[in-house]
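# Structure at a glance
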Amino acid sequence: MKVSKRITNLFLITALSSLTEGQSFRQQLAVVPRAARQIYPLSTHTSSNKTTRKMTREADEFDQLIAPETENLDQNQQNKLTVGQEIIQLAIPAAGALLIDPFMTLVDTALVGRYSQGADALAGMGSAAALLTFSFYLGNFLCTATTPLVARARAANQSEQARAVGGQALSLAILLGFLVTTILLLFQQPLLRIMGTGATGEVANSYALQFLAVRALAAPAVLSMEASTGVLRGYLDTKTPIAILIAANLLNLLLDLLMIVFLGFGPMGAAIATTSAEWLSAGIFLAVLSGKLPSQGPKKKLDIVPLLSVPAWEDVKPLLVASGSVLLRTLVLQLSLSAAAALAARDETAGAASIAAHQIGIQLWLLCSFFCDSLAAASQGLVADALGRKDRRAVVDVTKTVFCYSLILGLCLAGVLLGGKETGLLYSVFTGDVDVRTSLSEILPLIILAQPLNALVFSADGVLQGASEFPYQARAMFVSGVTAALTFYGLEFLPNDADRLTHVWLALIALQAMRGLTSFWKLIDKNGPIDLLDWKFLA
């Protein structure tokens with residue numbers, strides 16, 4: 001009886017402790033016979049003891065019955081990743097995918113700046129690029145809203161719902177893409193005037209028109225890429241996008257060298273190269289999602305295609321509600337960035353040099369931001385997955401870990417930029433114009449100092465997006481935009497020695513600071529989905 005009692009107690013202890021590991025009940029039982037024998041070796045008892053022999057025989061039979069589960073348990077424990085490993089495994093490919101588009105624009109900027117006479121070509125391209133950034137990045141909601149919806153449905157084993165959301169997102173992306181192209185082509189000049197080309201001169205304006213006319217054709221491709229990336233992230237697949245976009249980036253580089261360096265097409269050549277690469281990417285994305293090409297993520301081929309029929313309102317409501325909130329948030333953010341470019345263009349004391357420096361600065365800012373956004377992409381998918389499984393501890397663990405990684409990343413980016421500034425490498429890569437270098441030197445310290453803040457802000461965004469806190473983020477972004485505007489106009493009217501370009505960049509930092517503050521407030525909200533300071537999960 002003592003033996004039986006010890007085994008019973010051991011069974012209860014083992015089962016209870018195993019519950020915290022997320023194992024099935026059969027897997028919990030699997031550890032009992034072996035553990036019992038280690039603590040109380042039944043085999044040492046005399047064979048004449050009928051009770052002992054019976055329990056030994058039953059334990060042997062139980063071992064055989066549960067053996068497959070035991071093997072699976074051991075294998076799962078070996079394959080189990082820590083939260084940090086999961087984040088890195090998703091973030092590194094996501095970083096590559098996110099960096100492709102700004103990297104292509106950065107290559108365009110560098111080649112046009114180096115192989116064009118004067119600052120007009122770069123200034124014109126800068127105004128058009130800011131308008132395109134505003135127009136295309138409005139479609140970011142297609143990725144941001146789609147990811148958590150697909151991830152939650154997949155984690156809850158609702159595969160049909162996950163596919164339906166993916167199809168809806170692709171249809172919406174293609175429709176909006178053609179709409180954006182039409183608007184950009186019909187209203188080229190008025191839109192460019194808003195972006196400040198009237199202050200940079202007719203030569204810069206002509207370059208801007210050439211660049212915009214070609215790049216506008218890429219809108220359907222860019223938006224469908226956003227939706228496709230969101231679907232794949234929902235399946236925790238960040239490897240396929242980078243594989244596709246590496247090929248596109250190589251094509252863009254080769255065409256840039258041909259069009260800009262050898263043929264001398266300037267901004268027009270850069271536009272042709274980038275547009276061609278983006279259409280190639282979009283086609284491959286659609287082929288992967290439809291199952292015609294394999295993906296690097298889900299083992300089974302996907303079967304997700306744009307919907308050809310109008311879905312019922314109840315089916316499409318979650319995507320449209322989330323998309324509307326994200327669109328409003330993105331609109332405020334892009335208005336802030338576009339206003340910054342327009343205000344830099346209206347700096348009468350610096351002229352074309354000011355907007356050329358701003359174009360270089362904003363591309364560096366975006367490049368670093370996309371590095372940071374890779375951690376946000378990872379946390380977005382993992383948080384949505386954990387919420388779909390109703391695992392609160394996993395939500396908090398992901399949030400804490402991604403913040404630690406973000407701070408380290410932000411400090412590293414600041415160090416790299418500081419090294420480029422001190423060695424002069426950043427100046428020599430992007431421009432040979434003395435006035436542009438002078439203007440750039442005034443804003444580089446601000447860009448460097450902002451990197452740790454940017455990294456934390458983007459990670460907080462990813463966590464809240466994974467929790468589908470889109471309406472709150474839209475309101476918070478509005479408050480941040482107002483803060484940036486008040487900061488800029490306050491600096492403009494208060495006496496100080498800084499020029500307008502510096503005021504623009506100080507306002508952008510104020511925007512990021514308020515985004516961080518409002519995000520943190522929601523993360524620690526006891527009634528929110530995260531409740532980061534919940535004492536039960538702080539250990």
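Residues numbered from 1 in each chain as written. Predicted model: local features only at pLDDT ≥ 70, side-chain atom pairs only at ≥ 80, totals over all residues. Heavy atoms only, no water.

Before going further, it helps to examine the packing of aromatic side chains. As enumerated under the stated definition, the model contains 2 aromatic pairs in all. Residues W365 and W505 carry aromatic rings whose centres are separated by 5.3 Å and whose planes lie at 65° to one another, so their mutual orientation is edge-to-face. Taken together, the residues span a long stretch of sequence, with W365 in helix α15 (residues 352-388) and W505 in helix α21 (residues 500-523) at a distance of 140 residues. W505 matches W365 in its accessibility class, with the two residues each being buried. A centroid spacing of 5.1 Å and a plane angle of 80° characterise the contact between F488 and Y489, whose relative ring orientation is edge-to-face. Relative accessible area serves as the criterion here: at 45%, Y489 is assigned to the partly exposed category. The ring of F458 has R515 lying over it, and the distance from NZ or CZ to the ring centre is 5.5 Å. (Phe/Tyr/Trp six-rings, centres within 6.5 Å; stacked < 30°, edge-to-face > 60°. Helix = DSSP H or I, 4+ residues; strand = E, 2+ residues; numbered from the N terminus. Buried < 20%, exposed > 50% of the residue type's maximum accessible area, 1.4 Å probe, protein only. Lys NZ or Arg CZ within 6 Å of the ring centre and 35° of its normal.)

Let us look at helix α5 (residues 120-137). The terminal C-alpha atoms of α5, which comprises 18 residues, lie 25 Å apart, in line with the 26 Å expected from a rise of 1.5 Å per residue. Of all 18 residues in α5, 17 are buried, a share of seventy percent or more. (Expected span 1.5 Å × (residues − 1).)

Below, the discussion takes up the packing of α15 against helix α16 (residues 392-423). Look at α15 against α16: their axes get within 10 Å of each other, and the N-to-C directions meet at 175°. With respect to α16, the axis of α15 lies roughly antiparallel. Contact residues: α15 offers C368, F371, C372, L375, S379, L382, V383, A386 and L387, while α16 offers A394, V395, V398, V402, Y405, S406, L409, L413 and L417. Its residues assigned to classes, the contact of α15 with α16 comprises 16 nonpolar, 2 polar and no charged. (Axes fitted to C-alpha atoms, helices over the stretch in contact; angles between N-to-C directions. Parallel < 35°, antiparallel > 145°, perpendicular 65-115°, else oblique. Contact = heavy atoms within 4.5 Å. Nonpolar A, V, L, I, M, F, W, Y, C, P; charged D, E, K, R; others polar.)

It is worth spelling out the confidence of the model for the chain at this point. Across the chain, the average pLDDT comes to 77, with 77% of residues at 70 or higher. Contacts from residues 1-48, a stretch scored under 50 in pLDDT, to residues over four places away or in other chains number 56 contacts. (pLDDT = per-residue confidence, 0-100.)

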